[in-house]
Amino acid sequence: MAASTDTAPAVKKDRTHYLYIAVIVAVALGITVGLVAPDFAVELKPIGTGFVNLIKMMISPIIFCTIVLGIGSVRKAAKVGAVGGIALGYFMVMSLVALGIGLVVGNILEPGTGLAVTDAVKNAGHAQVDAEAKDTTEFLLGIIPTTFVSAFTEGEVLQTLLIALLCGFALQAMGSVGQPILRGVEHIQRLVFRVLAMVMWAAPIGAFGAMAAVVGSAGVDALKSLAVLMLGFYVTCVLFVFIVLGTLLRLVAGLNIFTLFKYLSREFLLILSTSSSESALPRVIAKMEHLGVSKPVVGITIPTGYSFNLDGTMIYMTMASLFVADAMGTPMAVSEQIPLLLFLFVASKGAAGVTGAGLATLAGGLQSHKPALVDGIGLIVGIDRFMSEARALTNFAGNAVATVLIGTWTKEIDRERVDQVLAGHLPFDEKTLLDNDDEPVAEIPEQGGEKELAKA
């Protein structure tokens, strides 16, 4: 019996181990092809786009199932409201902190000084204004889907979140009558996670196509001329993640951020290879539940965070705005910088989940608030995809840390399980992406529903 117990996990570990080694090799090959044959590499972009789209098609059903199961299985609706309120308050504060850090570093580096703005650069900058940025009113109205089903067909995360919340509260009100529906939703969740596990085997191919296209389209010259801005942005993101977020995680939850990130290393690799934080959204939902955070906290914090907790995007908009102003020969005083950045802070909420939308939102924000600076946006178009990777990694790190913090504040986290998972005693099941594969949905508890969910 001992021999069979040892054999089964070893097989699963080996398979996933080789998969992510293949992803690393694919990223290296993609970089090589992008440098050696840039024109050919750009043609490979649809491969990476196709893989990211495969992941995105799983996001809506996973969010829906997670939230419906989480909310529908507890009695206290007020608890869900408390989680949402704490999450939004935290997101606003951390976004302002990220803006402040970017402001300080951008003023110290002044990376745009001395660059020339040609007519071609101006045209490239104005072309970005027509991209997918929304104003605040459109963004808020866009949370309401056209129909109940369109929330799933249009792939809007916040629309799915709204429908899932309504269904979860409705199942709460139905009590035991809603139990068969909960069981059905759980079976759908298991099916969706199984499909996601199958899709992940295409990750090396997607990583190769995405990385080759990014390197091939940017070119070495763009990287050299804008190295100061890129390196300054990367360093700022690293400092924010490991000093600000790391300190918060240690003080509030008593956890080491390096240990948490080691647990999420495969998700970071996936984001790095696809330049999209959305590619890791379904997996991080499963892994944070496995870690010991309750379903309601995970289901509300992570999808909402993908729209409102964009720390990397905040830093990017700050530094990019200062860079463009310096490059245009019109550096802004602090009294001009703060109103512009507060405007971009609001405008960025429409940039959720769209790869490269940080640049589009920056262009749209400058067009509305300071039109003269739009001419300089073209200077950073060439390296935006490389900066998009840093944005995505920082946004993802911020949402992972936020989930643990909010779980701790609301007492919706099983600390004993967290310690066991991070120590490697309870490995994540890469085959099903779920725990307790054969266990049905528990009966709706009369009291202490939150504690029951913490077991997940």
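About the cut-offs
- Residues numbered from 1 in each chain as written.
- Predicted model: local features only at pLDDT ≥ 70, side-chain atom pairs only at ≥ 80, totals over all residues.
- Heavy atoms only, no water.
- Helix = DSSP H or I, 4+ residues; strand = E, 2+ residues; numbered from the N terminus.
- Buried < 20%, exposed > 50% of the residue type's maximum accessible area, 1.4 Å probe, protein only.
- Areas by Shrake-Rupley, 256 points an atom, 1.4 Å probe, with all protein chains shown as cover.
- Salt bridge = Lys/Arg side-chain N within 4 Å of Asp/Glu carboxyl O.
- Core = buried A, V, L, I, M, F, W, Y, C linked by side-chain atoms within 4.5 Å.
- Contact = heavy atoms within 4.5 Å.
- pLDDT = per-residue confidence, 0-100.
- Axes fitted to C-alpha atoms, helices over the stretch in contact; angles between N-to-C directions.
- Parallel < 35°, antiparallel > 145°, perpendicular 65-115°, else oblique.
- Left-handed = near helix turned anticlockwise from the far one by under 90°.
- Nonpolar A, V, L, I, M, F, W, Y, C, P; charged D, E, K, R; others polar.
- Phe/Tyr/Trp six-rings, centres within 6.5 Å; stacked < 30°, edge-to-face > 60°.
- Lys NZ or Arg CZ within 6 Å of the ring centre and 35° of its normal.
- Polar contact = N/O pair within 3.5 Å; in protein donor to acceptor, adjacent residues only side chain to side chain.

Caption draft 1: Region of the structure containing the overall build of the chain. Across its full length, the chain holds 21 helices and zero strands. Looking at the chain as a whole, 54% of its 456 residues qualify as buried. Approximately 19,000 Å² of the chain is accessible, and the part contributed by carbon and sulfur atoms is 66%.

Caption draft 2: Local environment of the pattern of salt bridges. The tally for this structure, following the rule as stated, stands at five salt bridges. For Lys-287, the salt bridge identified is with Glu-267, shortest N-O distance 3.3 Å. Pair noted here: Lys-287 is in helix α14 (residues 281-291) and Glu-267 is in helix α13 (residues 265-274), with a separation of 20 residues, a long-range link. Its relative accessible area of 4% is what places Lys-287 among the buried residues. The exposure class of Glu-267 is buried, given its relative accessible area of 0%.

Caption draft 3: Region of the structure containing the environment of Ala-363. With respect to the helices and strands, Ala-363 occurs in helix α18 (residues 357-369). For the pair Ala-363 and Leu-344, spaced 19 residues apart in sequence, the C-alpha separation works out to 9.8 Å.

Caption draft 4: Molecular detail of the nonpolar core. Residues Met-200, Leu-249, Leu-264, Leu-291, Val-401 and Val-404 are the most contacted members of the largest nonpolar core, which totals 119 residues. If we skip the residues at most four places from it in the chain, Val-404 touches Leu-249, Ala-253, Leu-255, Leu-260, Met-288, Leu-291 and Ile-413.

Caption draft 5: Summary view of the confidence of the model for the chain. Across the chain, pLDDT averages 76, with 75% of residues at or above 70. The least confident element of the chain, judged by mean pLDDT, is helix α21 (residues 449-454) at 41; the most confident is helix α12 (residues 257-263) at 92. Taken together, the stretch residues 118-122 has pLDDT below 50 and engages in five contacts with residues farther than four places along the chain or on a different chain. A low-confidence stretch, residues 437-456 (pLDDT under 50), is modelled with 47 contacts involving residues beyond four sequence positions or located in other chains.

Caption draft 6: Local environment of the packing of helix α8 (residues 157-174) against helix α15 (residues 295-308). Put simply, α8 and α15 touch, their axes get as near as 9 Å, and they point 150 degrees apart. Considered as vectors, α8 and α15 are oriented roughly antiparallel to each other. The way α8 lies across α15 gives a crossing that is left-handed. Residues Val-157, Leu-158, Leu-161 and Leu-165 of α8 form the contact with α15, whose own contacting residues are Gly-299, Ile-300, Pro-303, Thr-304, Ser-307 and Phe-308. Partitioning the contact of α8 with α15 into residue classes produces seven nonpolar, three polar and no charged.

Caption draft 7: Highlighting the packing of aromatic side chains. According to the stated counting rule, one finds nine aromatic pairs in the structure shown. For the pair Phe-242 and Phe-261, a centre-to-centre distance of 5.8 Å together with 75 degrees between the ring planes defines the contact as edge-to-face. Linking Phe-242 in helix α11 (residues 227-253) with Phe-261 in helix α12, this pair joins segments that are 19 residues apart in sequence. Overall, the relative accessible area of 32% leaves Phe-242 in the partly exposed class. Among the aromatic residues, those joined into a cluster by ring pairs are Phe-242, Phe-258, Phe-261, Phe-268 and Phe-396. One cation-aromatic arrangement involves Lys-287 over Tyr-263; the distance from NZ or CZ to the ring centre is 4.6 Å. Here the basic side chain of Arg-391 rests over the ring of Tyr-316, its NZ or CZ set 4.1 Å away from the ring centre.

Caption draft 8: Just the side chain of Asn-399, in detail. Within the fold, Asn-399 resides in helix α19 (residues 384-409). At 3.0 Å, the side chain of Asn-399 and the side chain of Asn-309 are in polar contact. Look past the residues within four positions of Asn-399 in its chain and what remains in contact with it is Gly-305, Tyr-306 and Asn-309.

Caption draft 9: Focus on unusual backbone geometry. You will see that Lys-411, though not glycine, has its phi angle at about 60 degrees, which is positive. Tracing the sequence through the fold places Lys-411 in the loop between α19 and α20 (415-422). Lys-411 gets classed as exposed once you look at its relative accessible area, which sits at 70%.

Caption draft 10: Structural detail: the packing of helix α3 (residues 45-72) against α8. Direction vectors running N to C along α3 and α8 enclose 30 degrees, while the axes themselves pass 8 Å from each other. With respect to α8, the axis of α3 lies roughly parallel. When the axes of α3 and α8 are compared, the crossing they make is right-handed. On the side of α3, the interface is formed by Ile-59, Ser-60, Ile-63, Phe-64, Ile-67, Val-68, Ile-71 and Gly-72, while α8 contributes Val-157, Thr-160, Leu-161, Ile-163, Ala-164, Leu-165, Cys-167, Gly-168, Phe-169, Leu-171 and Gln-172. Its residues assigned to classes, the contact of α3 with α8 comprises 14 nonpolar, five polar and no charged.

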